[in-house]
Amino acid sequence: MDRDTSEKEAYSLADTLVHEGIRELDILGGEPMLVPYMKEFLVYATNAGLAVNISTNGGLPEMVHATAKIPARRLNIGFSLHGFSDTHNAITKSNNFDSVLEGIRICLEERKNTVVKSVLTDTNRQEIRTLISYLAERGVKRYFLLHEDSIGKRNCMDVLSFPDFMKYFSTLKSELRDAIDIGFVAASGFYKYGKRGHSRCDAGTAKLAVLPDGSTFPCNLFFGFSEFCLGNILRDRIEDILEHPVLQPFRKCWGNTCESGNCTHWATCSGGCPAHSYAFYRNIGATDPRCRSVERRPKMVI
């Protein structure tokens, strides 16, 4: 959804999701608060029965305030905050640190389900602990640490490997477990669990990604690859989308595509994110280059 999507189209999408039995909607950016009718859409979607998670950079406090006033329990508002002022503004190439804090304050004051998220990088890893304590002191109850995507980078070696990320997260959670509820977000292909453990990742099984025009993909990381388009959720039957042959490789039992069995995560991993594998190697069966359990220097395929 973006500013080019009409309000009518947005409502139609919400109706389609509810009709097809989908119960949870994540609204990502760009910046969704730039959509002028976003408040009205959130009211419509939550009243229709959808649980909605919306992520914002917090740069528009007046829109955040309007959103926080929505009387809906099934609305989670997530804020991206990647460090203290200098670090956050440098990472985001913005000057909105104070606006993010104001948005968080407003949502907490309105007793909204408020989540703060940080992408872990070499730039901010030294101040994440202090940042979490700072947020906890201000009433934040839920925090997520995100593993950085490397799609679009010429070399993924600038991104923390998944084992390094999980080591950092585990230490962080242990140290701060009494201060705040800390979770993590990483490619589902890096950690298998429950029934989803039989597929390469959640793409096309537990989730679908939809562009403003209704074009549907296994996940948002495939938006740049038209060959992975499954159809259009506003025009096509959901059965046809879910049975699209593109999804078959995602659903087969992969085991682990990694070449090394000595990684501590090997038993609960299926080789990482297939979108990353495709972006770097044009092969969704390859191991995610952020694994790095074996020495390799992958280059982006242009």
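Residues numbered from 1 in each chain as written. Predicted model: local features only at pLDDT ≥ 70, side-chain atom pairs only at ≥ 80, totals over all residues. Heavy atoms only, no water.

1. Remarks on unusual backbone geometry
Here is step 1: The step from Gly 29 to Gly 30 runs through a cis peptide bond, and the omega angle for that step is -5 degrees.
Here is step 2: Examined against the element boundaries, Gly 30 turns out to sit in the loop between strand S1 (24–27) and helix H2 (38–47).
Here is step 3: A positive phi is found at Arg 111, a non-glycine position, where the angle reads about 60 degrees.
Here is step 4: Note that Arg 111 resides in the loop between helix H5 (97–109) and strand S4 (113–120).
Here is step 5: Phi at Arg 282 is positive, roughly 55 degrees, even though this residue is not glycine.
Here is step 6: Examined against the element boundaries, Arg 282 turns out to sit in the segment after helix H10 (274–281).
Here is step 7: Under the relative-accessibility criterion, Arg 282 is labelled partly exposed at 36%. (Helix = DSSP H or I, 4+ residues; strand = E, 2+ residues; numbered from the N terminus. Buried < 20%, exposed > 50% of the residue type's maximum accessible area, 1.4 Å probe, protein only.)

2. Structural notes on the sheet that holds strand S2 (residues 51–56)
Here is step 1: What the six strands build is an open sheet, ordered S1-S2-S3-S4-S5-S6; its pairing is parallel. The open sheet terminates on both sides in strands that have one partner only, identified here as S1 and strand S6 (181–185). Neighbour-to-neighbour, the strand axes of this sheet turn through a mean angle of 25 degrees, independent of strand direction.
Here is step 2: Pairing between S1 and S2: four bridges, direction parallel. Note that in S2 the partner of Leu 25 across the bridge is Val 52.
Here is step 3: Where H5 meets the sheet, its contacts fall on strand S3 (75–80) and S4, and the angle it forms with S3 comes to roughly 160 degrees. (Pairing = 2+ DSSP bridges. Axes fitted to C-alpha atoms, helices over the stretch in contact; angles between N-to-C directions. Contact = heavy atoms within 4.5 Å.)

3. Description of the nonpolar core
In a soluble, globular protein the nonpolar side chains are often hidden away together inside.
Here is step 1: Ranked by internal contacts, the top residues of the largest apolar core, which has 78 residues, are Phe 41, Ile 128, Tyr 143, Leu 145, Phe 222, Phe 228 and Phe 250.
Here is step 2: Counting residues per element, this core draws most heavily on helix H7 (residues 162–176), at seven residues.
Here is step 3: Residues within four places of Ile 128 in sequence aside, it is in contact with His 82, Ser 118, Leu 120, Tyr 143, Leu 145, Tyr 168 and Leu 172. (Core = buried A, V, L, I, M, F, W, Y, C linked by side-chain atoms within 4.5 Å.)

4. Things to note about the pairing of S4
Strand residues, when the strand is regular, have side chains that alternate between the two faces of the sheet.
Here is step 1: Summarising burial for S4: six of the eight residues are buried, a large majority.
Here is step 2: Bridge count for S3 against S4 is five bridges, and the pairing is parallel. Bridged to Ile 77 within S4 is Thr 114.
Here is step 3: Read from S4 through helix H6 (residues 128–137) to strand S5 (residues 142–147), the crossover connection turns out right-handed. (Right-handed = clockwise from strand over helix to strand, strands pointing away.)

5. Focus: the pattern of salt bridges
Here is step 1: Applying the stated criterion across every chain yields a total of nine salt bridges.
Here is step 2: Of the charged contacts in the structure, one is a salt bridge between Asp 122 and Arg 125, with a shortest N-O distance of 3.2 Å.
Here is step 3: For Glu 175, the salt bridge goes to Arg 129, with nearest N and O atoms at 2.7 Å. Note that Glu 175 is positioned in helix H7 and Arg 129 in helix H6, a separation of 46 residues in sequence.
Here is step 4: Overall, Glu 175 belongs to the partly exposed group, its relative accessible area being 48%.
Here is step 5: One continuous salt-bridge network, built from bridges that share partners, spans Glu 102, Arg 105 and Glu 109. (Salt bridge = Lys/Arg side-chain N within 4 Å of Asp/Glu carboxyl O.)

6. Looking at the packing of aromatic side chains
Here is step 1: According to the stated counting rule, one finds 14 aromatic pairs in the structure shown.
Here is step 2: Pairing Phe 184 with Tyr 191 gives two aromatic rings, centres 5.1 Å apart and planes at 65 degrees, and the pair type is edge-to-face.
Here is step 3: Ring geometry for Phe 222 and Phe 250: centres 5.5 Å apart, planes at 85 degrees, overall edge-to-face. One end of the pair, Phe 222, is in the loop between strand S8 (215–217) and strand S9 (231–232); the other, Phe 250, is in helix H9 (residues 248–251), with 28 residues separating them in the sequence. Of the two residues, Phe 222 and Phe 250, both sit in the buried class.
Here is step 4: An aromatic cluster is present here, built from Phe 222, Phe 225, Phe 228, Phe 250 and Tyr 278 joined pairwise through their rings. (Phe/Tyr/Trp six-rings, centres within 6.5 Å; stacked < 30°, edge-to-face > 60°.)

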